[in-house]
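# Descriptive structure summary
Residue-level listing of the chains:
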Amino acid sequence: MKNIESPDKMHLGRLLDELRYGKFVIPDFQREFEWSPWDVKELLRSIFEDYYIGTMLFWRASRENQNLLRCEPIYGFEGKCEPQHIVLDGQQRLSALYYAFFAPRVKFPNRKNRYIFIVKLDKFLNEEFDDAFDYEWLTSRTESFLNQRDKQFREKILPISVLGDQYWYDWFRDYRDYWVGKVGEEEADNECDKLERFFRDLLVSYDISYIELDRDIEVSKVCDIFTRLNSTGLTLTIFDLLNALMRPKGIYLKEMWRQVSSDLKELEWQRTKVYLLQAISILEQGYCSPKYLYYLVPGTKKVIKNSDGSKDSIVIFSSRDEFLEKWNFLVEKMRMTLDALLNPRDLGAIRPDFVPYPTMLPILTALNVIKEQDKYTDKRIEIEAKIRRWYWASVFTQNYSSAVDSTMTHDYYSMQRWFEDDAEIPQVVEKFESNIENLDLQKESMSGSALYKAVFNILVRKGARDFITFELPEYSLLEDHHIVPRSWGLREGLDKRIDTILNRTPLSERTNRQLIADRLPNVYLKEMFKRAKNKDDVYQLLESHLISKKATDILMRDNFSLEDFKEFIEERQKTIIQEIKSLLAIGGDTVFSGLITPQTPFSNISQMEKTIQKCDEYLYWIDKYFGKSGLEILASALSSNQVINISEVKILTSLEKVDDKLREDFKRFKEELKNRGISAEMRVLVQKDVAASIHDRWIISKYKSFNIPSPDVIKRGQYSEIKETDARLPFDELMESSLDIIHDWPKISELIRKNNK
């Protein structure tokens, strides 16, 4: 092509300088900066790991072409522009780099707050790159952190914006001085030198590729180049790269994908061909980020670390035939997984655009492969239920909205542990099931959000029937339509609140147009009742849409008002949350139960510790015969490597086993927990009638309650059971009849003396 420059490159330091002085501008026809924070994080990780981030396309700036394209600065740019390059392709990457390295005082796109991007230096030095990069939204705490270098040094956290400063090396010199006083001069020098050399080398040696068009090229041609570039998707992807690497091995990925995609018509997501490779990678090596996909190339050696620190090399696929066999196998398994996703009686998405997280396809496929292993033949139904519980919990916690590759790896291993041991419930499942009552669906008004789609899927699964025919609908025709018309909501000033998923339900366009037609429910529902032979038929139909009888009666009210709408939304939220509980069998077969036996002395204590670790916010232990064994189990559980969400421990016992030795043991226990930020209190029931009213032993927390055996029974290994229960003792009332074992000890010891006479 005439008037096009040869491909060129500039190092990262020069690029940052040009960003600093506003030498890049964005033409009006470009879309806004719309990346998510995790996209910025992944770009930074790619640069720091020396990965290619694509070639950018610029147009050499002149005053004339700037005016023609109505150019403006990079998002968040502060200062006076000195335009030299008009960005035709690369705006998202450049905007992300400017935001991360210069931390402008503007909120992140489509967010309410600013974000900062950081490097965790301890992870970075250990080459744990998947976890070394992160971001945080800016609060008064994080803003204070940015101004406290000593705290940054102590926590070994480098704000990326430090590297945007021309005098960034001052940070590392101060970092070195801080650690000299902590670990000695030699160790501090070694670490600081390693870091400073890396970042200096990164800035001067990491090259960004770009092509720049001559400033005299016609504007129409520039626009055409940009349009063609974005419509044909010329950006290099990991799939394209692997296709090039595998061709010499006789593997033609693009041709293979064309054959697959013509058969799998539901595969409308652009990344599905990458998902297929990720599913293979998860099953073969447990990881699926781009750098691991490279090891799928037959004959490629992968270096692995052994437990003793030595290193070996392995080859995942030694031949073309091995790879093709696995590819064909996974194509079929992904086909089955998609069938389940799109099945109205299974996961209920019905169409690809209703799938909450297409990014879950690789791990979901991998888990469906694992469940078919011979060792799980007798547990397959149970494992299938576990996969479904994990799927819904992951969706409703939005666990696959960011850091997808590392999340898949974590879930791959945690799910296999759960397959083997019912007590090893993944954290994401426990988190969701413990906090389901706090799920706020009212704010879900964007049809593209994962939670919105998930509720729609659940309504389809419920068998939501057609309002006109009273029969199951033609699923290909379903859309999400308003129950209370949008036009009414806008007139009443509800804005987006009228669009909440709680006011939407699966209906065909025909039904929406012919029956609802912008009329209030107190009009069209009355027509439905008139047409029906039996009034209960209408109630049952609406219940298939998770509209309860109470909610229906609210909708039928004359002079339907904003207060009625609010009441309807609250009632439907309760009904949908109850349906989600039913879907996950919360309160049913998911209730935790642990058997204590003489044959499993060590597992018995582990079961009790896991029970403690299931508690949220506080732990109240009621045991009339509480002793030192209970303190030992508590201390062990609360000092484990598990994530503990307990800030308060209260123990309620009686005069039966209390003595001065238990008091001294508790004082030491209380001090140990205080050092971990947990408050502890032990109180003694002193009224005999109150103590006599308690028989069993209990552990109570914010969301869970357990009926438990004695810690001594657990240690001895006598047959007993730990059982989750809905029952909750009136702990606060019982506390009123008690004394503090430390502060009220003179009164307690006097009562013990009297009882022993």
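Now for a look at the structure at hand. Here the structure is a predicted model, which means the values were calculated and not measured.

## Examining unusual backbone geometry
Excluding glycine, a negative phi dihedral is what most residues carry, and trans is how most peptide bonds are arranged. Non-glycine residue Asn110 carries a positive phi angle of around 60°. When you line up the elements, Asn110 lands in the loop between helix H4 (91–102) and strand S6 (115–120). For Asn110, a relative accessible area of 62% translates into the label exposed.

## Here's the deal with the packing of aromatic side chains
For the coordinates displayed, the defined rule picks out 51 aromatic pairs. Ring geometry for Trp390 against Tyr400: centres 6.4 Å apart, planes inclined by 90°, an arrangement best described as edge-to-face. Of this pair, Trp390 sits in helix H18 (residues 380–396) while Tyr400 sits in the loop between H18 and helix H19 (404–420), and the two are ten residues apart along the sequence. Accessibility expressed as a relative area gives 0% for Trp390, which makes it buried. Across the ring face of Tyr539, the terminal group of Lys549 is positioned such that the distance to the ring centre comes to 4.7 Å.

## Considerations on the nonpolar core
Core analysis: the largest hydrophobic core is formed by 113 residues, its most contacted members being Leu253, Phe323, Trp327, Trp390 and Phe396. Those residues within four positions of Phe323 in sequence are excluded, and the remaining contacts are Met246, Ile251, Leu253, Met256, Leu277, Ile280, Leu296, Pro298 and Phe317. Residues Leu44, Met56, Leu94 and Ala188 belong to the second largest nonpolar core, which totals 58 residues.

## Focus on the pattern of salt bridges
Evaluated as defined, the whole model comprises 55 salt bridges. For Arg60, the salt bridge is made with Glu212, and the minimal N-O distance between the two is 3.8 Å. Residue Arg60 is located in strand S3 (residues 56–60), and its partner Glu212 is located in strand S9 (residues 207–213); the two are separated by 152 residues in the primary sequence. Accessibility expressed as a relative area gives 7% for Glu212, which makes it buried. Where Arg753 meets Glu750, a salt bridge forms, and the shortest distance between an N and an O atom there is 2.3 Å. Here Arg753 and its partner Glu750 are both found in helix H34 (residues 745–755), three residues apart, which amounts to about one turn of the helix.

## Side note on the sheet that holds strand S1 (residues 8–11)
With respect to topology, six strands assemble into an open sheet ordered S1-S9-S3-S5-S2-S4, the strand pairing being mixed. With one partner strand each, in any of the chains shown, S1 and strand S4 (72–73) form the two edges of the open sheet. Where strand S2 (residues 24–26) and S4 come together, two bridges link them in antiparallel fashion. The residue of S4 that forms the bridge with Val25 is Pro73. Strands S1, S2, strand S5 (85–89) and S9 of the sheet are contacted by helix H1 (residues 12–20), whose axis makes an angle of about 85° with S1.

Scoring rules and cut-offs
- Residues numbered from 1 in each chain as written.
- Predicted model: local features only at pLDDT ≥ 70, side-chain atom pairs only at ≥ 80, totals over all residues.
- Heavy atoms only, no water.
- Helix = DSSP H or I, 4+ residues; strand = E, 2+ residues; numbered from the N terminus.
- Buried < 20%, exposed > 50% of the residue type's maximum accessible area, 1.4 Å probe, protein only.
- Phe/Tyr/Trp six-rings, centres within 6.5 Å; stacked < 30°, edge-to-face > 60°.
- Lys NZ or Arg CZ within 6 Å of the ring centre and 35° of its normal.
- Core = buried A, V, L, I, M, F, W, Y, C linked by side-chain atoms within 4.5 Å.
- Contact = heavy atoms within 4.5 Å.
- Salt bridge = Lys/Arg side-chain N within 4 Å of Asp/Glu carboxyl O.
- Pairing = 2+ DSSP bridges.
- Axes fitted to C-alpha atoms, helices over the stretch in contact; angles between N-to-C directions.

In short, the description is geometric, and any link to function would need to be established separately.
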